[in-house]
Amino acid sequence: MIVMKFGGTSVGSPERIKSVVNLVNDDKRKIVVLSAMSGTTNVLVKISELFYSGNKDVTAEIDRLENKYATVINELFGTEEYKHKGRKLVKERFDLLRSFYGVAFDAVAERAVLAQGELLSTTLTHLYCEESGINSVLLPALNFMRIDKNAEPDNYYIKEQICRELKSYPEVKLFITQGFICRDANGEINNLKRGGSDYSASLIGKAINAEEIQIWTDIDGFHNNDPRFVENTKAIRELSFDEAAELAYFGAKILHPASVWPAQEANIPLLLKNTMEPQAPGTVISSKTEEEGIKAIAAKDDITAIKIKSGRMLMAYGFLRKVFEVFESYQTPIDMITTSEIAVSLTIDNITHLDRIAQELRLYGNVEIDRNMTIICIVGNNIMNSKDSIAKVFKALDNVPVRMVSYGGSRHNISILTDSEHKADALNQLSKYLF
Ligand code: ASP
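Predicted model only: the values in this text are computed from it and were never measured.

Colleague: It is not clear to me how the site of the ligand should be interpreted in this structure. Could you clarify?
Modeller: Taken together, Ser35, Ala36, Thr41, Glu118, Phe180, Arg194, Gly195, Gly196 and Ser197 make up the full set of residues adjacent to the ligand. Glu118 has a polar side-chain atom sitting 2.6 Å from a nitrogen atom of the ligand. In isolation the ligand offers 260 Å² of accessible surface; the protein chains occlude 86% of this area.

Spelled out as structure tokens, the structure:
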């Protein structure tokens, strides 16, 4: 069995939904995981904000989104019978949204609102299959996808439930389910965080021990540099799980970083494919490691660097633990870290608690904060063993002021921190020297 996940743009219009159905309609048994139609989750986030603030504009916002879906229904379905079914579904979903008007709005309500995008896209696609005479079963993700009290996937439960559901339909080839949404340990609707549909697909793949997990987007796989800043980038055909995890995390926004790990644990190949060009080979991510050398460059913006300088760090132990505890207590992950004997520099991308973190760090030393930084990540298999890779990187960055360098943390990555204004230059220079 395989898993095929389609992102928001791949189901972003009636035309695109039809192409997805065309793509998945063959003899292979599969679970199709869908995101919400593109733009929908953003509007649902906005609707939640308006509910929270008690702003009356919320009804107009809901109406606008509902009108969009009315157009989708008209264009997606050919028969009056299915247009009617589609309208009924949309009305149910939007009535539910309106039911939050005037009542106390909380996190539980917000998550129910955010879930509506995936519930709509999957039900519409399922109805379209039905209208087209394609046999498919809609598997409600809320029946099997669950996170525990630490917000970690409950793998045992997911496997049990989904396998039980699949067993009830031995003849069915095509299953459709929602990405992103799940239930939490209290049984309430929750989600796997923004962009989490890739993660859903990977967790499902692991649970059913799929032959392959395909992630379909609108670009032809990972590129060896950022095509928005560098000309003539190339799609990478093969990546190891470790390389893909580094690239996914450091900026190459094509795959949710958390989705690599479940596939890696179960040793299931992840395939990145392009819905606009289904015949193109895409990128295969697997346990296979190719020859050594630099393979790709990615950049992650909106990074904040924090330096803590203290004489007390000199030959002391326990200093780093205290620093890390501050970040832990504010649930703020650290990305990059470099140390000297009297200072430690680290980077974060979540600045929600920055002020309080800085305040607590000042107990341990002098704190300097630099905003608007970019991490440039150079990835390749065994990059550390490959001859002159670091020399080439430094040569390429001759004119770029580098704030931090991280080398040796993993065998597959060299990370550089620079001011975001130097990003485009750095990416282009690296491309010139490394490829
Ligand atoms: N619809 C959700 C989002 O926009 C999840 C996803 O598409 O992966 O974040």
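Colleague: Would you mind going over the nonpolar core with me for this structure?
Modeller: Grouped burial of nonpolar side chains is what soluble globular proteins tend to show. Membership of the largest hydrophobic core comes to 102 residues, with the highest contact counts inside it found for Phe6, Ile31, Ile47, Phe222, Leu255 and Ile285. Among the elements that line this core, the one with the most residues is helix H3 (residues 58-76), at 7 residues. Excluding residues that lie within four positions of it along the chain, Phe6 makes contacts with Val11, Val20, Leu23, Val24, Val32, Val33, Leu34, Ser35, Trp216 and Thr275. Counting residues in each nonpolar core, the second largest holds 17 residues, with Ile376, Ile378, Ile416 and Leu430 among its members.

Colleague: Before we go on, may I ask you to explain the pairing of strand E11 (residues 293-309) in this structure?
Modeller: Where a strand is regular, its side chains alternate between the two sheet faces. Taking burial as the measure, the 17 residues of E11 include 13 buried ones, the bulk of the element. Bridge count between E11 and strand E14 (residues 366-381): 13 bridges; the pairing is antiparallel. Following the sheet pairing, Ile303 is matched in E14 by Met373. Pairing geometry for E11 and strand E13 (residues 343-348), over 6 bridges, is antiparallel.

Colleague: Help me understand unusual backbone geometry, please; the structure alone is not making it clear to me.
Modeller: Backbone geometry places Lys193, a non-glycine residue, at a positive phi of 75 degrees. By secondary structure assignment, the location of Lys193 is in the loop between strand E6 (189-191) and helix H8 (197-207). Judged by its relative accessible area of 55%, Lys193 falls in the exposed class. Despite not being glycine, Asn372 shows a phi value in the positive range, around 55 degrees. Examined against the element boundaries, Asn372 turns out to sit in strand E14.

Colleague: I keep staring at the pairing of E14 and nothing clicks. Help me out?
Modeller: As paired elements, E14 and strand E16 (residues 413-419) share 7 bridges and run antiparallel to each other. What sits directly across from Ile378, in E16, is Ile414.

Colleague: Looking at this structure, how should I read helix H4 (residues 80-98)?
Modeller: Here H4 is 19 residues long and its end C-alpha atoms lie 26 Å apart, about the 27 Å a rise of 1.5 Å per residue gives. Among the residues of H4, Tyr82, Lys83, Gly86, Leu89, Val90, Phe94 and Leu97 are the ones counted as buried. Here the buried residues of H4 occupy an arc of 130 degrees about the axis, which is enough to place them on one side. For H4, the exposed residues lying more than 90 degrees away from the buried face are Glu80 and Lys88. Here the buried face of H4 lies against helix H2 (40-53), H3, helix H5 (107-114) and helix H6 (116-131).

Rules used in this analysis
- Residues numbered from 1 in each chain as written.
- Predicted model: local features only at pLDDT ≥ 70, side-chain atom pairs only at ≥ 80, totals over all residues.
- Heavy atoms only, no water.
- Near = heavy atom within 4 Å.
- Polar contact = N/O pair within 3.5 Å; in protein donor to acceptor, adjacent residues only side chain to side chain.
- Areas by Shrake-Rupley, 256 points an atom, 1.4 Å probe, with all protein chains shown as cover.
- Core = buried A, V, L, I, M, F, W, Y, C linked by side-chain atoms within 4.5 Å.
- Buried < 20%, exposed > 50% of the residue type's maximum accessible area, 1.4 Å probe, protein only.
- Helix = DSSP H or I, 4+ residues; strand = E, 2+ residues; numbered from the N terminus.
- Contact = heavy atoms within 4.5 Å.
- Pairing = 2+ DSSP bridges.
- Expected span 1.5 Å × (residues − 1).
- Arc of directions from axis to C-beta.

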